[in-house]
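Spelled out, the chains give:
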Amino acid sequence: MADHWFEPIADHMGAAYLRYTFTLGTAQEIDHVVSELGLEPGMRVLDVGCGPGRHAYELARRGISVHGIDISQTFVDVAEKEAPAGATFQRMDARAMPFEAEFDAVICLCQGAFGMMTVNGHDSDVLKGISRALRPGGGLAMSAFNAYFAVKYHEKATFDADAGVSHEKTEVKDQTGKSKEVDLWTGCYTPRELRLLLSGVDLEVKSISSVEPGAYGNAVPSMESPEFLVIAFATPIQRLGTR
Ligand SMILES: C[S@@+](CC[C@H](N)C(=O)[O-])C[C@H]1O[C@@H](n2cnc3c(N)ncnc32)[C@H](O)[C@@H]1O
């Protein structure tokens with residue numbers, strides 16, 4: 001499996017990741033996703049770049065079975081530790097997922113693999129795998145960092161206009177509070193780019209909304225929210241095996 005720059009960061013944070021304020025609105029995020037995708041108990045969901053499994057846990061608690069994949073073994077271990085019934089986890093690279101029409105829905109939230117590339121094309125590989133994993137008509141909820149917001153407000157970051165990647169140095173803490181300086185690269189998107197990328201892998205966009213962690217909703221895209229939330233569905237063309 002190819003290495004990923006985020007793995008040493010996850011190794012340092014471990015379960016301390018779940019203390020960051022952006023993780024505290026998980027239940028609201030899942031309420032919204034469940035409603036938008038029409039998820040029901042008994043359905044099967046793939047959580048791409050699941051991290052320590054916070055969204056997977058919330059889905060499983062609602063009777064929806066979830067398989068979470070993440071490139072970080074440390075995060076997979078944290079996720080498995082107190083997993084509720086119906087939530088399973090596995091170390092896997094989202095750029096090379098083997099799933100074929102197996103899931104009623106896919107979630108890929110908070111830069112869960114999509115938007116964590118430093119090489120052009122990796123995000124497309126993640127999206128192709130997501131599209132292949134969905135059964136015909138299955139739904140996708142995916143967040144992406146807002147490029148307009150990054151340029152306007154990320155004063156401490158540098159923005160690579162060619163790649164659309166925001167780079168910042170920051171500090172992350174471990175369980176004991178010990179800090180480590182790390183580099184973060186965040187792939188940023190406009191709604192138009194997201195629509196183009198998704199249509200290229202036979203995913204039909206239902207909506208793109210301006211959102212922030214813990215406050216998912218249906219606001220029209222603007223430059224003022226840190227993230228966009230994409231709701232999309234696998235188009236019938238997939239049934240013809242054209243991918
Ligand atoms: C910011 S965290 C988000 C985790 C989780 N989705 C959440 O909302 O808390 C990004 C996650 O994506 C994972 N990731 C990044 N690139 C990946 C890849 N190529 N394959 C699988 N997981 C990846 C990281 O290990 C990390 O757990």
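Everything numeric here is computed off the predicted structure, so don't read it as measured data. (Residues numbered from 1 in each chain as written. Predicted model: local features only at pLDDT ≥ 70, side-chain atom pairs only at ≥ 80, totals over all residues.)

Novice: What should I look at first to understand the overall build of the protein chain in this one?
Specialist: The secondary structure content of the protein chain amounts to seven helices and eleven strands. Projected onto its principal axes, the C-alpha coordinates of the protein chain cover approximately 50 × 40 × 35 Å. For the protein chain, restricting intrachain contacts to residue pairs at least 6 apart in sequence, the fraction spanning at least 24 positions comes to 66%. (Helix = DSSP H or I, 4+ residues; strand = E, 2+ residues; numbered from the N terminus. Contact = placed C-beta atoms within 7 Å.)

Novice: I keep staring at the pairing of strand S1 (residues 44-48) and nothing clicks. Help me out?
Specialist: Here is the key point about a regular strand: its side chains alternate between the two faces of the sheet. Buried residues dominate S1, accounting for four of its five residues. Direction of pairing for S1 relative to strand S2 (residues 65-70): parallel, over a ladder of five bridges. Counted as the bridge partner of Val45 is Val66 from S2. Handedness of the crossover is the feature at issue here: the chain leaves S1, passes through helix H3 (residues 54-61), returns alongside S2, and the resulting connection is right-handed. One ladder, built from three bridges, connects S1 with strand S4 (residues 103-108); its direction is parallel. Pairing of Val45 across the sheet is with Ala105, part of S4. (Buried ≥ 20, exposed ≤ 12 C-beta atoms within 10 Å, placed from the backbone. Pairing = 2+ DSSP bridges. Right-handed = clockwise from strand over helix to strand, strands pointing away.)

Novice: Can you help me understand the site of the ligand in this one?
Specialist: If you check the shell around the ligand, you find 22 residues, and the closest are Gly49, Gly51, Ala94, Cys110 and Gly112. Across the shell around the ligand, the residue classes break down as ten nonpolar, eight polar and four charged. (Near = placed C-beta within 6 Å. Nonpolar A, V, L, I, M, F, W, Y, C, P; charged D, E, K, R; others polar.)

Novice: What am I meant to see in the environment of Gln111 here?
Specialist: With respect to the element layout, Gln111 can be found in the loop between S4 and helix H5 (122-133). Residue class for Gln111 comes out buried when judged on the 21 C-beta atoms lying within 10 Å of it. Between the C-alpha atoms of Gln111 and Phe145, which are 34 residues apart in sequence, the distance is 7.4 Å. Other than its neighbours up to four places away in sequence, Gln111 contacts Met116, Phe145 and Thr186.

Novice: I would appreciate a short explanation of helix H7 (residues 191-199) in the present structure.
Specialist: In an α-helix, one full turn covers 3.6 residues, which means residues spaced three or four apart are oriented alike. Residues of H7 that are buried include every one of Pro191, Leu194 and Leu198, and no others. All buried residues of H7 lie within an arc of 60 degrees about the axis, which places them on one face of the element. Facing away from the buried surface of H7 by more than 90 degrees, the exposed residues are Arg192 and Leu196. In this structure, the buried residues of H7 make contact with H5, strand S5 (134-146), strand S8 (179-189), strand S9 (203-212) and strand S11 (227-234). (Arc of directions from axis to C-beta.)

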